Amino acid sequence: MIIAQQKQIKEIAAMVSDCKKVALIGCAGCVTVCLSGGEKETEIMAAALRIMRKLEGNPVETITFTATRQCDPEYVEALDGVVKDADAIISLACGVGVQYLAERFDKWVVPALDTNFIGGSKVHGVWEEKCGMCGDCVLHKTGGICPIIRCSKSILNGPCGGSQYGKCEISKDVDCAWQLIYDRMKSLGKLDKLMAIQPPKDWTKSRDGGPRRAVREDVMIG
Amino acid sequence: MRLQYATNIRIVEMTCSGNIDHRVILNAFEEGADGVFVAGCMEGDCHFLKGNIRARKRVNAVKKLLDEIGIGGDRLEMYNLSSAQGGRFAEIANDITAKIKDLGPNPLFKNSSCCGCSCSKEGGDQ
C-alpha cells in the first residue's frame, strides 16, 4: 500500500486560512490502513482545525467525508454534492487522490498528507518501504527481497563493501539487503543462482519517458 | 462510601480507557470542557490486558495535538486508579479541578458567559 503521513496541523491550517467553509475528504484505501487519512483521522483533523481557527478569531465550518477511494473517478464524482458549498478541499489521500480531486473540482484543493513510499506494516504503527516501483521486478532472482529499494545503492550484484555484520554502512539500524538476500537464498538451497552476474537493469520501464501509464484494453468499457 | 468531590465534573463512561478516542477528547473541549481527565485502571490490571497502556499513549498524542492547536496539553491528564479507590478518585477530581482553575477557562470560550451549549451555567466543565 501507499504509506503517507500527516503534515503538521499548522501547515495545513495555513493553506486554508482564508476559507470559511472547508471540506475534509478522507480516503478509505491505503491511507486508512496506514492510519493517516481514514474516517477517524479526517474527523480529528476537522476538530483540530475548527478549534485552531476559533482560537484565532476566524472560525471555519468543516464538512467531513471519507471516499471509498480518491484514485478512482467514480468515487470522486460521488463527492460533487459533498464539496458543493466548500471554499476549499483538504484531501487526506495520497498525492494521487489530491490530484484527482483537483482535476474534478474547480476549487482550491490542498494536501493534508505527505506521501512517503510503497510499503507494508511491520507491527501496528510501524511501516516499512518494500517496493521501488521500478517497473521491472527482479524479486524472483533475489529470494523475494527487493535490492532496488532495500539496498541503499540499488545494486543488482551485491553486497558492496559497505556491508558490515549484516547492516548497511548508512546506519546500524538498516539491514544490508544483500546480506538478507544471501541468507535467504542459502536457506532455500539456491545460492548457485546468485552466481549469475546480473546485467544492467532496464530502467526504461521506470521513470524514463515521463509519467507511466498502464493500459488493459480487454477490461476497458466502451 | 459517600465522598464529596468537585461538582462541576461530568463523567463520560467508557467500556475501557483503551476505548478513549482523540475525537471524544477534542469534542469535550469543543463543547466547553475546561479540562479532561482520563481515569484508567491500574497498570497491569487491565481486563483487556493493554487498554490502559494504549490509553496513555493516545492521551499523550492528544496532549501534543492540544499544544499545537492552542488549547494546551496541560488541560488533559490521565490517571491510573482502580474502581475500589473511591477516595483516590475524589482526590484526583479535586486536584484536577484546582489545576484547571489555575489554568483558567477553556480558551475557546474565554470571552463567553457560557460554554456555548444550551445550558445556562456560567463557565465550562472539567
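Residues numbered from 1 in each chain as written. Chains lettered and ligands numbered in written order. Predicted model: local features only at pLDDT ≥ 70, side-chain atom pairs only at ≥ 80, totals over all residues. Heavy atoms only, no water.

### Quick word on the pattern of salt bridges
Across all of its chains, the model carries 19 salt bridges over all chains by this definition. Between E30(B) and R50(A) there is a salt bridge; the shortest N-O distance is 2.7 Å. Pair noted here: E30(B) is in helix α1 (residues 22-30) and R50(A) is in helix α3 (residues 39-55), and the two residues belong to different chains. A salt bridge links K122(A) to E128(A); the shortest N-O distance between them is 4.0 Å. (Salt bridge = Lys/Arg side-chain N within 4 Å of Asp/Glu carboxyl O. Helix = DSSP H or I, 4+ residues; strand = E, 2+ residues; numbered from the N terminus.)

### Focus: the interface of chain A and chain B
Note on interface size: it is often stated as the accessible area lost on association of the parts. Contact with chain A, which involves 13 residues of that partner, is made by 13 residues of chain B. Of the roughly 1,300 Å² buried between chain A and chain B on both sides combined, carbon and sulfur atoms contribute 68%. The interface formed by chain A and chain B includes 2 salt bridges. Going through the elements one at a time, α1 (9-15) and α3 of chain A are the ones with two or more residues in the side of chain A that touches chain B. (Contact = heavy atoms within 4.5 Å. Buried area = accessible area lost by both parts, 1.4 Å probe.)

### Looking at the nonpolar core
Of all hydrophobic cores here, the largest spans 46 residues; its most connected members are V16(A), M45(A), I90(A), L26(B), L66(B), I69(B) and L76(B). Among the elements that line this core, the one with the most residues is α3(A), at 8 residues. With residues near it in sequence (within four places) discarded, L76(B) still touches I25(B), V36(B), V38(B), V59(B), V62(B), K63(B) and L66(B). Counting residues in each nonpolar core, the second largest holds 14 residues, with A23(A), A67(A), V98(A) and F105(A) among its members. (Core = buried A, V, L, I, M, F, W, Y, C linked by side-chain atoms within 4.5 Å. Buried < 20%, exposed > 50% of the residue type's maximum accessible area, 1.4 Å probe, protein only.)

### Looking at the confidence of the model for chain B
Looking at chain B, the pLDDT average stands at 89 and 88% of residues meet or exceed 70. This stretch, residues 118-126 of chain B, has a pLDDT under 50; its non-local contacts, to residues over four places away or in other chains, come to 25 contacts. (pLDDT = per-residue confidence, 0-100.)

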